[in-house]
Amino acid sequence: MSPQSNSTHPPASLLPSQPADLGPAKTVLLADDVGRILDRIAHQILEKTRGGEDVVLLGIPTRGTFLAERLATRIQTFGEISVGLGSLDITLHRDDLRTQAVRPIGRTVEPAGGIDGKLAILVDDVLFSGRTVRAALDALTDLGRPRAVQLAVLVDRGHRELPIRADYVGKNLPTSRDEQVRVSLAEYDGVDAVNIYQPVQPS
Amino acid sequence: MTRHLLSAGDLSASEATTILDSAEQMYAIQARQVKKLPALRGRTVVNLFFEDSTRTRSSFEIAGKWLSADVINISAKGSSVSKGESLRDTVLTVAAMGVDAVVVRHAASGAVQRITEWVGCHVINAGDGTHEHPTQALLDAFSIRRRLGELSGRHVAIVGDVTHSRVARSNVLLLRTLGARVTLVAPPTLMPAGVATWKCGLSWDLDAVLAGEVDGPVDAMMMLRVQRERMSGGYFPTEREYAIGYGLSPRRLALLPEHAVVLHPGPMNRGLEISSAAADSDRSIVLDQVRAGVAVRMSVLYHLLAGADEPAAALEEASA
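Within every chain, residues take consecutive numbers counted from 1 along the sequence as written. In the order they appear in the text, chains get letters beginning with A and ligands get numbers beginning with 1. Only residues with pLDDT of 70 or above have their local features reported here, since the model is predicted, and side-chain atom pairs are shown and tallied only from 80 upward, although totals for entire chains, interfaces and linings are computed over all residues. Only hydrogens and water are set aside; all other atoms, that is, all heavy atoms of the structure, feed into the side-chain values.

Visitor: Help me understand the overall build of chain B, please; the structure alone is not making it clear to me.
Guide: Helix and strand definitions follow DSSP, with helices as H or I runs of at least four residues and strands as E runs of at least two, each counted in order from the N terminus. For chain B, the helix and strand inventory stands at twelve helices and nine strands. Against the compact-globule benchmark of 20 Å for 320 residues, chain B has a radius of gyration of 20 Å, which places it among compact chains. Here the C-alpha coordinates of chain B stretch approximately 55 × 45 × 35 Å along the principal axes. The 320 residues of chain B split such that 56% are buried. The contact criterion used throughout is that any non-hydrogen atoms of two residues lie within 4.5 Å. Relative to all contacts within chain B whose residues are 6 or more apart in sequence, the contacts with residues 24 or more apart total 75%. In this description, accessible areas are obtained by the Shrake-Rupley approach with a 1.4 Å probe, and a residue is regarded as covered only by the protein chains that are shown. Carbon and sulfur atoms make up 52% of the accessible area of chain B, which amounts to about 12900 Å² in all. Charged residues are defined here as Lys and Arg on the positive side and Asp and Glu on the negative side; His and the ends of the chain fall outside this count. All charge positions are set by atom: Lys at NZ, Arg at CZ, Asp at CG, Glu at CD. Side-chain charges of chain B comprise 33 positive and 34 negative groups, with the mean position of each set lying 4 Å from the other. Each radius of gyration reported is based on C-alpha atoms, and the globular scaling rule is 2.2 Å times the count of residues to the power 0.38. Under the scheme applied here, a residue whose accessible area is under 20% of the maximum for its type counts as buried, over 50% as exposed, and between as partly exposed, the area being computed with a 1.4 Å probe on protein chains only.

Right, here's the structure in full:
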């Protein structure tokens, strides 16, 4: 299922359509890179958790869910261990609900066997302010009480607003605050890529 | 999303689907040990019930509380209403306390619409006279969807006292929006005036509908309550005759297609519009409807209240 074939730049048609409100894009990670990074994170999880025992992966919708699925598959392959897999929607726990338009609620799927006493690893695509992770920690307490909680992200772009750090980082991307980082995944966007969009210059 | 929920007809197909999808997630929360979400923390919801209600009021109360809103119940009995206060004064008094939403049930059709003209907070219709009951329609759609999958292309028969039924009215509007076909089945005396203009089929013959002779086989049967409190006008000769003509008897239950479900908004008059055999059968999703009530109302409260207030609404409040 891992589309790790093209080593060259993807043809323009494969890139997600340029969002109207964003400036020019720079591709920082290609499909191969994303694949290799996920391989490495899967190995790191196995190493750091002593073989992946009691691990449950909780993806944060939308793209974190797909990343968690991919990590679970890789951990199954590398460590021959089947880890718990779920998804954790954080919409209802956001701290900016009152300042934004209402968002639709994503899916929360509790892993088979629950999370009590387990090592829960939150999986998300981009770590930015840290507010999503804070909300996820709150949402987690509604599901149960894990033994410990860790965080895995594909991209860490800095600019934290809360005392939160990731345990597993795919790539550190230094960005300026007004740039936009977009992760595209084959399952959702049709192609694996990470792009940085420049802010639109006022003309 | 609209500011108020007054009519099931106000919802577009995508809005209704969003509410039902969110309700699906809320429904899963009911199975959790900790049934509490912070989404409406600091918001105040007032249940203003000028008519008796058990399930609607309590499910709105639970829905609000599970979303961490503060919920206050005011019923006409035991409030200043019984001292002769007018609807407008009661509503303005409640609104003046700084509430974020009022959930209103009133015996007069259109009363809830009128309230939106007086107050700046969100207003949710929990049943106004014989007009509408949109959250009931949403939970009916939710219950059918859970059993049968997508509503598009389904055929729903609504049977009984359509004239006095706000449930029927809201359901016709919402089910149509979601792509289902609706057939109303009632004796001519219990069909409301102007029903011919509604976007649904009509029949006086329940057995013909069950046989699939009217607009094809039925996927869901919604039995309406015979509202004895409104039955003073001689709408049918005897209850027995009504039961024979329009009750869901064991014989009629057996005529339904294999997959079809039976709904009833409650409270049921067993032996009148629905037999015990039908009410307690595997096809009956009456209890599912009650369970869905909380989830659907959580979803409605969330979508109306959680987001930022539109600036236009704020201006309106300031100038009022």
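Visitor: What's the story with the interface of chain A and chain B in this structure? I'm lost.
Guide: Accessible area lost upon the coming together of the parts serves often as the stated size of an interface. Listed as interface residues are 17 residues of chain A and, on the opposing side, 19 residues of chain B. For this classification, Asp, Glu, Lys and Arg are treated as charged, while Ala, Val, Leu, Ile, Met, Phe, Trp, Tyr, Cys and Pro are nonpolar and the rest, including Gly, are polar. The residue makeup of the side of chain A that touches chain B, split by class, is seven nonpolar, six polar and four charged.

Visitor: Help me understand the pattern of salt bridges, please; the structure alone is not making it clear to me.
Guide: Once their charged atoms are close, side chains differing in charge can pair, the charge on each being opposite to the other. Any Lys or Arg side-chain nitrogen located within 4 Å of an Asp or Glu carboxyl oxygen qualifies as a salt bridge. Per the counting criterion, the structure on display carries 29 salt bridges over all chains. Measuring nitrogen to oxygen at the nearest pair gives 2.9 Å for the salt bridge that ties Arg94(A) to Asp96(A). Here Arg94(A) falls in the partly exposed class, since its relative accessible area comes to 24%. Between Arg154(B) and Asp219(B) there is a salt bridge; the shortest N-O distance is 3.4 Å. Here Arg154(B) is found in the loop between helix 5 (134-148) and strand 5 (155-159), whereas its partner Asp219(B) is found in the loop between helix 7 (206-210) and strand 8 (220-223), with 65 residues between them in sequence. The exposure class of Arg154(B) is partly exposed, given its relative accessible area of 22%.

Visitor: Looking at this model, I keep getting lost on the sheet that holds strand 1 (residues 25-29) of chain A. Mind explaining?
Guide: All names here are of chain A. When DSSP locates at least two bridges between a pair of strands, those strands are taken to pair. Across the sheet, three strands lie side by side as 1-8-7; this open sheet has antiparallel pairing. With partners counted over all chains shown, the strands left at the sheet margins are strand 1 and strand 7 (180-184), one partner each. Within the sheet, the average angular offset between the axes of one strand and its neighbour, ignoring direction, is 25°. Sheet topology places strand 1 next to strand 8 (residues 193-197); four bridges connect them, and they run antiparallel. Note on strand 8: the bridge partner recorded for Thr 27 is Asn 195. Whenever a helix is involved, its axis is fitted only over the stretch in contact; in every case the axis is a line through C-alpha atoms, and angles between N-to-C directions fall within 0 to 180 degrees.

Visitor: Teacher, can you tell me more about the packing of helix 1 (residues 31-48) of chain A against helix 2 (residues 63-79) of chain A here?
Guide: The relative placement of two packed helices is expressed as an angle between their axes plus a distance between the axes. Residue and element names in this part refer to chain A. In the contact formed by helix 1 and helix 2, the axes pass within 9 Å of each other and the chain directions differ by 60°. Judged by the angle between their axes, helix 1 and helix 2 are oblique. Helix 2 is crossed by helix 1, and the crossing has right-handed handedness. In this structure, helix 1 contributes Val 34, Gly 35, Leu 38, Asp 39, Ile 41, Ala 42, His 43, Ile 45 and Leu 46 to the contact, and helix 2 contributes Leu 67, Arg 70, Leu 71, Arg 74, Ile 75, Phe 78 and Gly 79. Of the residues belonging to the contact of helix 1 with helix 2, the class tally is ten nonpolar, three polar and three charged. Note that the term roughly parallel is reserved for angles under 35 degrees, roughly antiparallel for angles over 145, roughly perpendicular for angles of 65 to 115, and oblique for everything else. With the far helix as reference, a near helix turned anticlockwise by less than a right angle produces a left-handed crossing, and one turned clockwise produces a right-handed crossing.

Visitor: In this structure, what is going on with the layout of surface pockets? I would like to understand it.
Guide: Rolled over the atoms, a probe sized like a water molecule indicates the empty space that remains. There is about 1200 Å³ of room inside the largest pocket. Considering the residues around the largest pocket, the lining is formed by 41 residues, among which Arg94(A), Arg103(A), Asp124(A), Asp125(A) and Thr132(A) are closest to the centre. Sorting elements by how many residues they give to the lining of the largest pocket places strand 7 of chain A first, with five residues. For the lining of the largest pocket, the residue count by class is 16 nonpolar, eleven polar and 14 charged. Taken as a whole, the second largest pocket holds about 460 Å³ of empty space. Lining of the second largest pocket is provided by 20 residues; of these, Arg105(B), Arg166(B), Arg225(B), Gly266(B) and Pro267(B) occupy positions nearest its centre. Sorting the residues of the lining of the second largest pocket by element identifies helix 2 (55-66) and helix 6 (166-177) of chain B as the ones contributing at least two each. Think of a 1 Å grid over just the protein atoms. A cavity is a set of points where a 1.4 Å probe fits yet cannot get out, a pocket is an open set with protein on both sides within 12 Å along at least five of seven lines, and lining residues have an atom within 4 Å of a point. Grid points are joined across faces, edges and corners, and a volume is the space filled by probe spheres set on the points.

Visitor: Which parts of the structure should I look at to understand the sheet that holds strand 8 of chain B?
Guide: Strand pairing in a sheet is mediated by backbone hydrogen bonds. Such pairs are either parallel or antiparallel. All names here are of chain B. The sheet built from five strands is open, its strands ordered 7-6-5-8-9 with parallel pairing. Looking at which strands have only one partner, the edges of the open sheet turn out to be strand 7 (201-203) and strand 9 (261-263). In this sheet, neighbouring strand axes are inclined to one another by 20° on average, regardless of whether the strands run parallel or antiparallel. The sheet contact formed by strand 6 (residues 181-185) and strand 7 spans three bridges and is parallel. The residue bridging Leu 184 from the neighbouring strand is Leu 202, located in strand 7.

Visitor: Looking at this structure, I do not really get the nonpolar core. What am I missing?
Guide: The nonpolar side chains of a soluble globular protein tend to be buried, and buried together. Each nonpolar core is a collection of buried residues, namely Ala, Val, Leu, Ile, Met, Phe, Trp, Tyr and Cys, held together in the definition by side-chain atoms within 4.5 Å. Counting residues in each nonpolar core, the largest one holds 93 residues, and the members touching the most others are Met26(B) and Met221(B). Counting residues per element, this core draws most heavily on helix 11 (residues 286-305) of chain B, which supplies ten residues. Mapped onto the domain boundaries, this core takes at least three residues apiece from domain 1 (8-133 + 293-319) and domain 2 (134-290) of chain B. Leaving out residues up to four positions away in the same chain, Met221(B) has contacts with Ala157(B), Val159(B), Leu206(B), Leu210(B), Leu248(B), Leu256(B), Val261(B), Val262(B) and Leu263(B). Grouped together as the second largest cluster of nonpolar side chains are 31 residues, Leu38(A), Leu57(A), Ala72(A) and Leu154(A) included. Domain start and end points were adopted from an automatic or database domain assignment.

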